[in-house]
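Single-letter residue listing:
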Amino acid sequence: MADQFRDQINTARRAGYTDDQLIGYLKDKDPRITQALTAGYAPNEILQHLAPDLSFGEEAMRKVGVAVRGATEALAPTTAGATAGFMLGGPIGAAVGGLAGGLAVPASDVLVQGYNRLTDSNVRLPSQIISSMIPGPRAETPVERVIQSSTGALTGTGGSVAAGRALSQAPDVVESVKAVGTEAARRPVGQIVTAPLATAAGQTVTEATGNPLAGLLTGVVTGTAAGTRPVKRGAVPTAEELLAQSKANYEILDKSGFQLDNTLFKQHMAALPAKLRSEVGYVESVNPKVAGAFKEILSDTPKDVAEITALRKIIGSAAGSADKSERMAAMKLLDEFDDYVLNAKPNAIIAGDSKAMQAWKDARADYAKVKKSELIEDIVARAEVSQSGKEPTIAQGLSALAKNNRKMRFFTAEEQQAIRDAAKGGTLQSMLRTISKFSPMTPAAAIFTAVNPYGAYTAAAGMAAKELSTARRMQQMNALASQMRLGEAPKVIEGVSANQPVFFSRSAQNMLGPVQQNQNQNALAR
């Protein structure tokens, strides 16, 4: 009885009652209180005798009990739903019931609260009914309510995630139902870690402001922010992986003993000078490098892998000519050469097989991807040692590349457009670059910072803008290099907001049934 009386007094203290208020209430219940007051004892002395403060160990055990209560209250509806579901539908029913049970209590609380407001009633919330059936200490202070709500969020989220995973992995389940389970179990570790943190933040704001809506908003925003993840894109091969693939394919081709029928090869190539003359204006005396390439092409040297590779280099050299007409003729010849070799008909191959040509095509494609990515990475490498700043040097390098017609011909149309877009930078990049000029890195900017009363703020904004501008440039360059190595822009597998629905709903669910403060109830009258 004494322990119960002590608990009642300590509960009243935690509810905010003063010693004078407590003594004023108790003296009408027990004449000994009046006698003690008459004898000169102060209210705090009387209460300290009747209900000594909790020791450190007792206080710690109380906090543990509050945490256990929070965990039990959160797991109770999930467990009940899973049990009922199992009785009706076995393991799959248990998973469905567990998910439904976890959602039922918060949803019911909202409905009952709405009913109470509309009808001016005082119907008890389902969460309060469940709480009344669970033994152990109740949360009675702001700290205890934060502990109880956050541990409840931890176990409740863990139960829902487990039910969702079981449902998503169950065989013979309707896809729409399985999709619900998959979504509920999305980012399980992230959900379980975020839930107590977001709920603790929301409950803390509720305690500080006395406004549950502010707490709800804080919990949802915290959970949603924690659920944000970087965009996840498809895998991109490294330059080393591409070079290894290219080397392996060249070895396959070389071992195949591939060789073209020289008679048919020369017959086809002999008709090309006239075709190039009519299409691009090729003239032997005006385009000596292309003429020299034709001389090598029409020689009697066997057209094996080594010779084909050498001929392609000779034509490629002509394609790099500074003379526009010769460059156009060489590029047309290179297209014709590649088309014949890569699509050689069976009767045009006298050794090896046509499958070996696929290895050569793949090897060349992989090597080209590496070289294109190196052009992008070289711009970054030059910027790293530039004295004029990393971001402007990258911008200048991209602009120079975009204006270099000879190098741009090396890229596909999509890659060229990506380079041009990156060179332009966009509105935000331009704004950041402009603001970054206020960084106190030049004498003029330093003087402005010193004489302007807001100079420190301006300098800080300039430095922050400079860092952001550089970071955005590096993101662009990494994306460009990845696109070159992959041969296309990496596909987005998971967007930045992919996890938001489940984190948003989980945070809202955990905050819809906040721990009731009960501060307006007479603690001693329980």
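Residues numbered from 1 in each chain as written. Predicted model: local features only at pLDDT ≥ 70, side-chain atom pairs only at ≥ 80, totals over all residues. Heavy atoms only, no water.

Details of the packing of aromatic side chains
Per the counting criterion, the structure on display carries 3 aromatic pairs. Centroid distance Phe-265 to Phe-337: 6.1 Å. Interplanar angle 90 degrees. Geometry classified as edge-to-face. Placement of Phe-265 in helix H12 (residues 262–270) and of Phe-337 in helix H16 (residues 324–342) is noted, with a sequence separation of 72 residues between them. Residue classification places Phe-265 among the buried residues on the basis of a relative accessible area of 0%. Phe-337 sits in the buried class, given a relative accessible area of 0%. An aromatic cluster is defined as three or more aromatic residues linked by ring pairs; in this entry it consists of Phe-265, Phe-337 and Tyr-340. (Phe/Tyr/Trp six-rings, centres within 6.5 Å; stacked < 30°, edge-to-face > 60°. Helix = DSSP H or I, 4+ residues; strand = E, 2+ residues; numbered from the N terminus. Buried < 20%, exposed > 50% of the residue type's maximum accessible area, 1.4 Å probe, protein only.)

Considering the environment of Leu-311
Locating Leu-311 in the fold gives a position in helix H15 (residues 305–319). Its relative accessible area of 1% is what places Leu-311 among the buried residues. Linking Leu-311 and Ile-297, residues 14 residues apart in sequence, is a C-alpha distance of 6.7 Å.

What to know about the environment of Lys-390
On the secondary structure map, Lys-390 appears in helix H18 (residues 390–403). Put simply, Lys-390 and Ala-471 are 81 residues apart on the chain and 9.9 Å apart in space, counted from C-alpha to C-alpha. In this structure Lys-390 touches Ala-383, Glu-384, Thr-470 and Met-474, once residues within four positions along its chain are discounted. (Contact = heavy atoms within 4.5 Å.)

Brief notes about the sheet that holds strand S3 (residues 303–304)
Through backbone hydrogen bonds, the strands of a sheet pair up, either in parallel or in antiparallel fashion. Read from one edge to the other, the open sheet built from 3 strands follows the order S3-S2-S4, with strand pairing classed as antiparallel. What marks the edges here is a single partner per strand, and that holds for S3 and strand S4 (349–351). Bridge count between strand S2 (residues 259–260) and S4: 2 bridges; the pairing is antiparallel. Opposite Leu-260, over in S4, you have Ile-349 as the bridge partner. (Pairing = 2+ DSSP bridges.)

Comments concerning the side chain of Glu-207
Within the secondary structure layout, Glu-207 lies in helix H9 (residues 188–209). Assessed through its relative accessible area of 18%, Glu-207 is described here as buried. Within the structure, the side chain of Glu-207 is placed 2.7 Å from the side chain of Arg-145, a separation counted as a polar contact. (Polar contact = N/O pair within 3.5 Å; in protein donor to acceptor, adjacent residues only side chain to side chain.)

Regarding a nonpolar patch on the surface
Together, Ile-92, Val-96, Val-174 and Val-177 make up an exposed nonpolar region whose accessible area comes to about 280 Å². Within the element layout of this structure, Val-96 appears in helix H5 (residues 56–119). Judged by its relative accessible area of 38%, Val-96 falls in the partly exposed class. (Patch = residues over 30% accessible without salt bridge, like charges linked within 9 Å, V, L, I, M, F, W, Y side chains within 5 Å. Areas by Shrake-Rupley, 256 points an atom, 1.4 Å probe, with all protein chains shown as cover. Salt bridge = Lys/Arg side-chain N within 4 Å of Asp/Glu carboxyl O.)

Thoughts on the pattern of salt bridges
According to the stated counting rule, one finds 15 salt bridges in the structure shown. The partner of Lys-275 in a salt bridge is Glu-336, and the shortest N-O contact between them spans 2.8 Å. Residue Lys-275 is found in helix H13 (residues 272–280), and its partner Glu-336 is found in helix H16; the two are separated by 61 residues along the sequence. With a relative accessible area of 11%, Glu-336 lands in the buried category. Through salt bridges with shared partners, one network takes in Lys-275, Glu-279, Lys-332 and Glu-336.

Some remarks on the nonpolar core
Ranked by internal contacts, the top residues of the largest apolar core, which has 33 residues, are Phe-258, Leu-260, Phe-265, Val-290, Leu-333, Phe-337 and Val-341. Looking at this core, the elements that each hand over two or more residues are H12, H13, helix H14 (288–297), H15, H16 and helix H17 (355–384). Among the elements that make up this core, the one with the highest residue count is H16 (8 residues). If near-sequence neighbours (up to four positions away) are discounted, Val-341 is found in contact with Leu-260, Phe-265, Ile-308, Met-357 and Trp-360. (Core = buried A, V, L, I, M, F, W, Y, C linked by side-chain atoms within 4.5 Å.)

A look at the environment of Ser-108
Among the secondary structure elements, Ser-108 is positioned in helix H5. The class for Ser-108 is partly exposed, based on a relative accessible area of 27%. Taking the C-alpha atoms as reference points, Ser-108 and Ser-127, 19 residues apart in sequence, are found 8.5 Å from one another.

Nothing here speaks to function; it is geometry throughout.
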